[in-house]
Amino acid sequence: METALAVLVGIMAATGVYLMLTANLLRYMFGLVLLSNAANLAIFAVGRLTRAVPPLVPEGLKAPAEPVANALPQAMILTAIVIGFGLLAFTLALIVRCYRDLGTLDASTMRLAEPPMADGEH
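A brief structural summary. All chains use their own residue numbering, which begins from 1 and follows the written sequence. Side-chain atom pairs in this predicted model are given and counted only at pLDDT of 80 or more, local residue features only at pLDDT of at least 70, and totals for whole chains, interfaces and linings cover all residues. In computing side-chain properties, one takes all heavy atoms of the structure into account and sets aside hydrogens as well as water.

Helix and strand labels come from DSSP, where a helix needs a run of H or I of at least four residues and a strand needs a run of E of at least two; each type is numbered from the N terminus. A count of helices and strands for the chain gives 4 helices and 0 strands. Going residue by residue from the N terminus, the α and β elements of the chain occur as α-α-α-α. Burial statistics for the chain: of 122 residues in total, 17% are counted as buried. Contacts are assigned to residue pairs with any non-hydrogen atoms lying within 4.5 Å of each other. Residue pairs at least 24 apart in sequence account for 51% of intrachain contacts in the chain once pairs closer than 6 positions are excluded. Accessible area is worked out with a 1.4 Å probe on protein chains only. A residue is then buried under 20% of its type maximum, exposed over 50%, and partly exposed in between.

See the structure below:
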């Protein structure tokens, strides 16, 4: 199962990078979300996929009696999801503002909106 997840993470990361390299800002945003989800899935796969019991220690013992699930990757993913949602909202707000001001989402066309460089500047 970990091998399938590793392949899926690779495909998602490659697709996300491909979308981020296009000149369209909306595709850039989708690539950013896909790359973020690939990172979350990679963290989840690192935590090992088992049907272990919750990490509860019975009374009187110092450690769990059976193998338990690792809660750290789950907590990290939950935090990453919240941060990713905030990043998505911010990026979407920037894209909407760019579209309203410039009337396009094409990055090469947006470059034409920059002021011309003065003589002697590179």
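So, on to the environment of Gly-10. Mapped onto the elements of the fold, Gly-10 is located in helix H1 (residues 2-20). Separated by 29 residues in sequence, Gly-10 and Ala-39 place their C-alpha atoms 9.7 Å apart.

Our focus in this paragraph is the environment of Tyr-28. Tracing the backbone through its elements, the reader meets Tyr-28 in helix H2 (residues 25-46). For Tyr-28, a relative accessible area of 33% gives the class partly exposed. Sequence separation between Tyr-28 and Ile-95 is 67 residues; the distance between their C-alpha atoms is 9.8 Å. With sequence-adjacent residues up to four places away left out, Tyr-28 is seen in contact with Leu-19, Met-20 and Thr-22.

Fitting a line to C-alpha atoms yields each axis, with helices limited to the stretch in contact; the angle taken between N-to-C directions then spans 0 to 180 degrees. The interhelical angle for the contact between H1 and H2, taken along N-to-C directions, is 160°, at an axis separation of 7 Å. By the criterion of interaxial angle, the relationship of H1 to H2 is roughly antiparallel. Our pair here, H1 against H2, has a crossing hand that is left-handed. Residue-level contacts link Glu-2, Leu-5, Leu-8, Val-9, Met-12, Ala-13, Thr-15, Gly-16, Val-17, Leu-19 and Met-20 of H1 to Arg-27, Tyr-28, Phe-30, Gly-31, Leu-32, Leu-34, Leu-35, Asn-37, Ala-38, Leu-41, Ala-42 and Ala-45 of H2. Here the residues of the contact of H1 with H2 are counted per class, giving 17 nonpolar, 4 polar and 2 charged. Each angle gets one of four labels, with under 35 degrees taken as roughly parallel, over 145 as roughly antiparallel, 65 to 115 as roughly perpendicular, and the rest as oblique. Handedness of a crossing follows from how the near helix is turned relative to the far one, being left-handed for an anticlockwise turn of less than a right angle and right-handed for a clockwise one. Classification used: nonpolar for Ala, Val, Leu, Ile, Met, Phe, Trp, Tyr, Cys and Pro, charged for Asp, Glu, Lys and Arg, polar for all others including Gly.

Two elements in contact, H2 and helix H3 (residues 71-102), have axes whose closest approach is 10 Å; the angle formed by their N-to-C orientations is 175°. When the axes of H2 and H3 are compared, the pair comes out roughly antiparallel. Here H2 contributes Leu-25, Leu-26, Met-29, Leu-32, Val-33, Ser-36, Asn-40, Ile-43 and Phe-44 to the contact with H3, which in turn contributes Pro-73, Met-76, Ile-77, Ala-80, Ile-81, Gly-84, Leu-87, Leu-88, Thr-91, Leu-92, Ile-95 and Cys-98. Taken together, the residues that form the contact of H2 with H3 break down as 17 nonpolar, 4 polar and no charged.

Position of Thr-91 relative to the elements: it lies in helix H3. Contacts of Thr-91, omitting those with residues within four sequence positions, involve Met-29 and Leu-32.

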